[in-house]
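# Geometric and topological summary
Single-letter residue listing:
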Amino acid sequence: MDFFLQILVSGFVVGGIYSLVALGFVLIYKSSDAINFAQGEFLLIGAYVSLTLIATYHIPLIPALLLTLIFSAVLGFVIERLVLRPFIGEPVISMIMATIGLSSLLAGIVHIIWGTQTRVFPPLFGSDSVSLGPVVISPIYLWSLFVIFLLLIVFSLFFKYSKMGVAMRATADDQQAALSMGISVKRVFAVTWAIAAIVAAVGGFLLGNINGVNASLSVIGLKVLPVALLGGLDSIPGAIIAGFLIGVLESLASGYLAPLVGVNLKEVVPFIILVLVLMFKPYGLFGKKEIERV
């Protein structure tokens, strides 16, 4: 039972990070109908930038994290303006291919600047584990849960009550109607990409503190895509729930199934679950079913 609770906590934390990164996929898809295959590189860049500020320039944690978020937001704005905006009005597949090319470009830049060696953060959250009954939790896991839930609450309130959040929801529902109401769709696109870069950077910072930082961290982007598809590409609550679900099931598979079959199923569990769910719910658990008339 103790082992079960231990891996449950681990899966819950990782699942929360998946939820954050999947939020970026969903926002971009809702606003432009495109899938951002560079989301993993946003995560990787956020991890490296925060690590450089903290470990190399010795900037305290909070200012370094704020600078990382500002850098990520600017990066999202610039990429949307220079790379994606020219594709507005073009077939969606063109924008998707642009994000694939962008992914390779960003990965190459990261390799040139930081290399491929694994780097670790200095101990930012202390080393004394916290015991909650039979479960021993590392401080980074507790802080990760706090940050994840705080951001999920903040973004939920932002989308529901802020003027830009309402504009983003209106644009996601119908771009032409949003334009007719005086909403700047281009501005919405820019803010969407900035938020996607920010949530990815936070995920990179948290994962970097847990596992270290190297070029393979960007693979999380591909692992999170099944999370977004599972929850429904147009559903923000779906992305959040699916993230926690995948994280927990992935951790359980690693803890219980891997020793039985002799193979680590952790990497393929999200895709197996996705295929099984989409067989019965093609639009994901919470996706909106679309009916096309011919």
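Criteria and thresholds
Residues numbered from 1 in each chain as written. Predicted model: local features only at pLDDT ≥ 70, side-chain atom pairs only at ≥ 80, totals over all residues. Heavy atoms only, no water. Salt bridge = Lys/Arg side-chain N within 4 Å of Asp/Glu carboxyl O. Helix = DSSP H or I, 4+ residues; strand = E, 2+ residues; numbered from the N terminus. Buried < 20%, exposed > 50% of the residue type's maximum accessible area, 1.4 Å probe, protein only. Polar contact = N/O pair within 3.5 Å; in protein donor to acceptor, adjacent residues only side chain to side chain. Contact = heavy atoms within 4.5 Å. Core = buried A, V, L, I, M, F, W, Y, C linked by side-chain atoms within 4.5 Å. pLDDT = per-residue confidence, 0-100. Phe/Tyr/Trp six-rings, centres within 6.5 Å; stacked < 30°, edge-to-face > 60°.

### Considerations on the pattern of salt bridges
Opposite charge on two side chains makes pairing possible when the charged atoms of those side chains draw close. By the definition in use, this model includes two salt bridges. R85 is the salt-bridge partner of E80, the closest N and O atoms lying 3.0 Å from each other.

### Description of the side chain of N214
Checked against the element boundaries, N214 lands in the loop between α8 (185-211) and α9 (220-231). A relative accessible area of 17% means that N214 is categorised as buried. A polar side-chain atom of N214 sits 2.8 Å from a polar atom in the side chain of T118. Filtering out sequence-adjacent residues up to four positions away, N214 remains in contact with L44, Y48, T116, Q117 and T118.

### Some details on the nonpolar core
Taken as a class, soluble globular proteins show a tendency for nonpolar side chains to be buried jointly. F42, I79, L217 and V224 are the most contacted members of the largest nonpolar core, which totals 85 residues. Element by element, the count of residues in this core is highest for helix α1 (residues 2-32), at 13 residues. For I79, the residues in contact, after removing those within four places along its chain, are F42, L84, L102, L106 and W193.

### Observations regarding the confidence of the model for the protein chain
Here the protein chain shows a mean pLDDT of 87. Residues at 70 or above account for 97%. The spread of mean pLDDT over the elements of the protein chain runs between strand β1 (residues 130-132), the lowest at 75, and helix α2 (residues 39-56), the highest at 95.

### Topic: the packing of aromatic side chains
To describe a pair of aromatic rings, one takes the distance between the centres and the angle between the planes. Inspection of every chain in the model, using the stated rule, returns twelve aromatic pairs. Each ring, one from F12 and one from F149, has its centre 6.2 Å from the other, and the planes form 35 degrees; the classification is tilted. Of this pair, F12 sits in helix α1 while F149 is found in helix α5 (residues 139-161), placing the two residues 137 residues apart along the sequence. Taken together, a centroid distance of 5.9 Å and an interplanar angle of 90 degrees make the contact between W143 and F146 edge-to-face.

### Quick look at unusual backbone geometry
A positive phi angle is found at H58, which is not glycine, with a value near 55 degrees. Residue H58 is classed as exposed on the basis of its relative accessible area of 64%.

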